[in-house]
Amino acid sequence: MSIIRWNNNDLDWPARTLSSLLGDPFLSGPLSNGSSLLPTDIHHSEHEIVLTSEVPGLTKEEIEISVENDILTISGEKTGESQSNEQNCYCSERSYGKFERRFVLPQSVDRDKITAEVHNGLLSLTLPISEKAKPRSIEVKVS
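The shown structure was predicted, so the numbers you read here are calculated from the model rather than taken from an experiment.

Engineer: Explain the environment of Y96 here, please?
Structural biologist: Looking at where Y96 falls in the secondary structure, it is placed in the loop between strand 4 (71–78) and strand 5 (97–104). Exposure remark for Y96: the relative accessible area of 23% places this residue in the partly exposed category.

Engineer: Explain the pattern of salt bridges to me, please; I cannot follow it from the model alone.
Structural biologist: Pairing between side chains of opposite charge can happen when their charged atoms approach one another. Counting across every chain of the model gives three salt bridges. Across the pair D110 and K113 runs a salt bridge whose closest N-O atoms are separated by 3.9 Å. With a relative accessible area of 54%, K113 lands in the exposed category.

Engineer: What is the right way to look at the confidence of the model for the protein chain in this model?
Structural biologist: Segments scoring low in pLDDT should not have their predicted coordinates read at a detailed level. Averaged over the protein chain, the pLDDT score is 77; the fraction of residues at 70 or greater is 68%. For the protein chain, per-element mean pLDDT is lowest for helix 1 (residues 13–22), which scores 51, and highest for strand 7 (residues 122–128), which scores 96. Overall, residues 21–35 carries pLDDT values under 50, and its contacts beyond four positions in sequence, including any with other chains, amount to 29 contacts.

Engineer: I tried to follow the sheet that holds strand 1 (residues 40–44) on my own but got confused; where do I start?
Structural biologist: For sheets, the rule is that strands pair by backbone hydrogen bonds, running either parallel or antiparallel. Taken together, the four strands give an open sheet; going across it, the order is 1-2-7-6, and neighbouring strands pair in antiparallel fashion. Of all the strands in the sheet, just strand 1 and strand 6 (115–119) have a single pairing partner and so form its edges. Strand-to-strand, the axes of this sheet are offset by a mean angle of 15°, without reference to chain direction. Summarising the sheet, strand 1 and strand 2 (residues 48–54) pair through five bridges and their orientation is antiparallel. Across the sheet, residue I42 finds its bridge partner in strand 2, namely L51.

Engineer: Would you mind going over the nonpolar core with me for this structure?
Structural biologist: Across soluble globular proteins, you tend to see nonpolar side chains buried next to one another. L51, L72, I74, L125 and L127 are the most contacted members of the largest nonpolar core, which totals 16 residues. For this core, the secondary-structure elements that each account for two or more residues are strand 2, strand 4, strand 5 and strand 7. Looking at this core, the element that brings in the most residues is strand 7, giving three residues. What L51 contacts, discounting residues up to four positions off in sequence, is T40, D41, I42, L72, F103, L123, S124, L125 and L127.

Engineer: Would you take a moment to explain the sheet that holds strand 3 (residues 63–68) for this structure?
Structural biologist: Judged by pairing direction, the sheet is antiparallel, and its three strands sit side by side in the order 3-4-5 without closing on themselves. Of all strands in the sheet, those bounded by a partner on one side alone are strand 3 and strand 5. Each neighbouring strand pair of the sheet contributes to a mean axis angle of 15°, computed without reference to strand direction. Here strand 4 runs beside strand 5; their pairing, made up of eight bridges, is antiparallel. The residue bridging G76 from the neighbouring strand is F99, located in strand 5.

Reading guide: rules and limits
Residues numbered from 1 in each chain as written. Predicted model: local features only at pLDDT ≥ 70, side-chain atom pairs only at ≥ 80, totals over all residues. Heavy atoms only, no water. Helix = DSSP H or I, 4+ residues; strand = E, 2+ residues; numbered from the N terminus. Buried < 20%, exposed > 50% of the residue type's maximum accessible area, 1.4 Å probe, protein only. Salt bridge = Lys/Arg side-chain N within 4 Å of Asp/Glu carboxyl O. pLDDT = per-residue confidence, 0-100. Contact = heavy atoms within 4.5 Å. Pairing = 2+ DSSP bridges. Axes fitted to C-alpha atoms, helices over the stretch in contact; angles between N-to-C directions. Core = buried A, V, L, I, M, F, W, Y, C linked by side-chain atoms within 4.5 Å.

What follows is the structure, given as structure tokens:
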């Protein structure tokens, strides 16, 4: 067993440790050297599920969305600006490279009607709930 030095700036170590031990079925593939995943908010209503992901600086041509079986995959590549003289760079904190994020779709989603839109650095996916899966009421008749 090796000793690991504690770094108090490393506050996300519990999540990373659990993910490395158990794996995370909802996400895979870091955005450039593990520095960040594709941040996503998920909201739902009776009629749809909406995923909103941050994709700053990317165009629709640089983003790929696919559905295979029950897995929705968002992937792409953020390319860096070419620098003529990297020695003059004081600081570079932006992430570049390939990214991928996967989501397990519930059976209630109508896969043929999924739509995607990118605007102001946000990618919005609308996943409509199929009519078969929506709750309905059944009238009870007296005979």
